[in-house]
Structures are given as structure tokens and as C-alpha cells.
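Summary of the model geometry
Each chain, letter by letter, is given below.
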Amino acid sequence: MENLFARFEAFQSTFEWLEVIGGLFLLAIVSETLWDVLCKRRKRLKESFSNFAIALGNVLLERTAYGLVFIVGLLFAEYFAFADIPFTWWSWVLALLLADFTYYWMHRWEHEVRILWAYHSVHHSSPEYNLTTALRLAWVEGLIEWIFFVPMILVGFDVVQTLIALAVVVAYQTWIHTEKIGKLGVVDKILNTPSVHRVHHASNRKYLDRNYGGVLIIWDRIFGTYQAEEDQVVYGLTQPVGSANPIVVNFHEFAQIAKDVRRAKTWSEVAGYLFQRPGWRPKPEK
């Protein structure tokens, strides 16, 4: 019971701080948007409105049973844990590092496996890049992403500790969605920064599928996916959605996959359209 109380206190305390950070971030978003409008720097205000609408949809979903899927999934996995890592200063350091490492691979697979890209592409679909872009997160993310963090639970990390570590990794990334901060020198080679993340959101060929890191960009440098910002960035998808409607933005790629699957001639082609890289096509018959 004492352990349960400690877990709940840590969870509650952390998310109170995250709510404060969220409030400050919302203030920054509104301030940036007003500044851009006054200076006539934001050409597609409808994209910003779409981002706010998508964020509102996520808030409403998170306050229903739908929002519990992430937590319930990890709690179920806890019954199969191989060990029990205690709450200590070193376990928090390890949890943050492992959550960031896990985020890197989750993020990379979301670019390399089309059925995962179907929801992650929502975040990349805006042709503009500003703080509101951080709000454009797919409505179905929570149903799937918890699975990637099951290994943390299985090796012994507490569910609360895992959720808090992930929340820190995600919260860190809110401020990097901006063009108002330039390159930061050596920091760009260690941490995920605005310059590093602008590359990640680019549709330029040389920038595609680069810079997956959450907080630390050293994972990209280790696994060969790092790319510094060099040429002018063109934001959005290589094949634009062509709409700012939140429903279209959220389900456009799923609809495209359904079309491809319907015209598949074999089960192998069905699997290819679902699990190969985005853009995969079956080899033409000889």
C-alpha cells in the first residue's frame, strides 16, 4: 500500500507540473500566433485552426475511457514483468534514457511501416511550421503507441515511472516546433532542437526520414539518421493531403491504404501495402 501511495504521489506531482508547463506553452502558442497575424507572416491561418481543432479532439478523447487505453495496457503488461526496479534516483535516470531510446525507435518505425505512418503522418501534414504544429497529433495514437513501451514494463520499470518518463520526453518537444529560433551550434548535435526538428518535418528529399530523437539526438548520430539543417526547408508531406479539415487530416492515409489494399492481387501485396515503407508498390509483372 505504501508503494502504491508513493507511485500515485509521483504521478500526481509530475502531471501537476506538466499542466503548468502546458499552460505556459499554450500562452506561447497564442502569443506567437497573434504576432504572426499582426506581422502578416502566417499565410495559412486555416492550418493553425486545424491544429487547435485536432488538439481539442485529443483533449476530449483523453477524458473518456478511450484515454485510459495507454495506462490500462501498461498495467496489464506489469503482471508479466521479469523484475521490479525500485523508485530511486538512478532508476529515474535510466527510465528517462530508456524512454527516450524507445521513443527514437517508435518514431522511426512510424516512418518506416506504412500502417504506423498512417496515423503519424497527421503530425507531418501541415505545410507550415510553428508552435501550433506541436498540437497536430493523431486521434488514434493512444490506441497504439503504448505497445512500444511494454518492454520497459517487462524489464521491471514501474508503470507510473514509465508514463512520467515518456511525458517528459513528449513535453520537451513542444518548444522545438518553431522557426523563430535558429541554429544552436553544438547543442544541435546533442539535443533535439528547433533546427534539428525542422529537418524532421521537411519534405525535401535529402531531409526525409531523419532526426527521430525525442530529447537526445545522439540516437540519430549512433544509428545513422542524423541530418543537419542546410538547405531551405519545405514543410509537409511529399504528397500533400490538400485539406485542413481535421477529420480528413486524421484519416486521409488510412483511406489511401484501404484503396491500395482493395486493388491488391495477392495476400503478399496486402501485407506489403500495410507493413512496407510508405510509397511501396508491388514489382510489375514480367
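Every chain's residues receive numbers from 1 upward, in the order its sequence appears when written. Residues qualify for local features only when their pLDDT is at least 70, as the model is predicted, and side-chain atom pairs are given and counted only at 80 or more; totals for whole chains, interfaces and linings, by contrast, use all residues. Side-chain measures were taken over the full set of non-hydrogen atoms in the model, leaving aside hydrogen atoms and water.

1. Re the nonpolar core
- By convention a nonpolar core is built from buried Ala, Val, Leu, Ile, Met, Phe, Trp, Tyr and Cys residues, the set being connected through side-chain atoms within 4.5 Å. Each residue's exposure class comes from its accessible area (1.4 Å probe, protein chains only) as a fraction of the maximum for that residue type: buried when under 20%, exposed when over 50%, partly exposed otherwise. Core analysis: the biggest nonpolar cluster contains 31 residues, and Phe70, Leu74, Tyr119, Phe148, Phe149 and Met152 have the highest contact counts within it.
- Sorting the residues of this core by element identifies α3 (69–78), α4 (89–112), α5 (114–124), α7 (150–154) and α8 (159–172) as the ones contributing at least two each.
- Under the scheme used here, helices are H or I runs from DSSP no shorter than 4 residues and strands are E runs no shorter than 2 residues, and both carry numbers assigned from the N terminus. The element that contributes the greatest number of residues to this core is α8, accounting for six residues.
- Note on contacts: a residue pair qualifies if any of its non-hydrogen atoms lie within 4.5 Å across the two residues. Not counting the four nearest positions on each side in its chain, Phe149 is found in contact with Phe70, Leu74, Ala99, Thr102, Tyr103, Met106, Thr162 and Leu166.

2. What to know about the pattern of salt bridges
- Throughout this description, the term salt bridge denotes a Lys or Arg side-chain nitrogen within 4 Å of a carboxyl oxygen of Asp or Glu. Going through the model one piece at a time under the given rule, you end up with 13 salt bridges.
- One salt bridge connects Glu229 with Arg198, and the closest N-O pair in it is separated by 3.0 Å. Of this pair, Glu229 sits in the loop between α10 (218–223) and α11 (246–262) while Arg198 is found in helix α9 (residues 194–200), placing the two residues 31 residues apart along the sequence. Residues Glu229 and Arg198 agree in their burial class; the two are buried.
- Between Arg263 and Asp260 there is a salt bridge, with the nearest N and O atoms lying 2.5 Å from each other.
- On the basis of relative accessibility, which here comes to 49%, the residue Arg263 falls in the partly exposed class.
- In the salt-bridge network here, residues are joined through shared partners; they are Arg114, Glu253, Asp260, Arg263 and Arg281.

3. Considering the packing of α5 against α11
- Between N-to-C directions, angles span 0 to 180 degrees; the directions come from axes that are lines fitted to C-alpha atoms, helices contributing only their stretch in contact. Relative to each other, α5 and α11 sit at 155°, their axes nearing to 6 Å. With respect to α11, the axis of α5 lies roughly antiparallel. Along this stretch, α5 crosses α11, giving a crossing that reads as right-handed. Contacts from Arg114, Ile115, Trp117, Ala118, Tyr119, Ser121 and Val122 of α5 reach α11 at Val249, Asn250, Glu253, Phe254, Gln256, Ile257 and Asp260.
- Split by residue class, the contact of α5 with α11 holds eight nonpolar, three polar and three charged. Working rule for angles: under 35 degrees goes down as roughly parallel, over 145 as roughly antiparallel, 65 to 115 as roughly perpendicular, anything else as oblique. Left-handed describes a crossing in which the near helix is turned anticlockwise from the far one by less than a right angle; the clockwise case is right-handed. Note on residue classes: Ala, Val, Leu, Ile, Met, Phe, Trp, Tyr, Cys and Pro are nonpolar, Asp, Glu, Lys and Arg are charged, and everything else, Gly too, is polar.

4. Focus on helix α12 (residues 267–275)
- Here α12 has its buried residues at Glu269, Val270, Gly272 and Tyr273. Summarising the axial view, the buried residues of α12 lie within an arc of 160°, below the 170-degree limit, and thus occupy one face. Turned more than 90 degrees away from the buried face of α12, the exposed residues are Trp267, Ser268 and Phe275.
- Where α12 is buried, its residues meet α5 and α11. The arc under discussion is defined with respect to the helix axis, by the directions toward the C-beta atoms.

5. Describing α3
- Phe70, Gly73, Leu74 and Ala77 are the residues of α3 that are buried. An end-on view of α3 places all buried positions within 95° of arc, on one side of the element.
- Of the surrounding elements, those touching the buried residues of α3 are α6 (141–144), α7 and α8.

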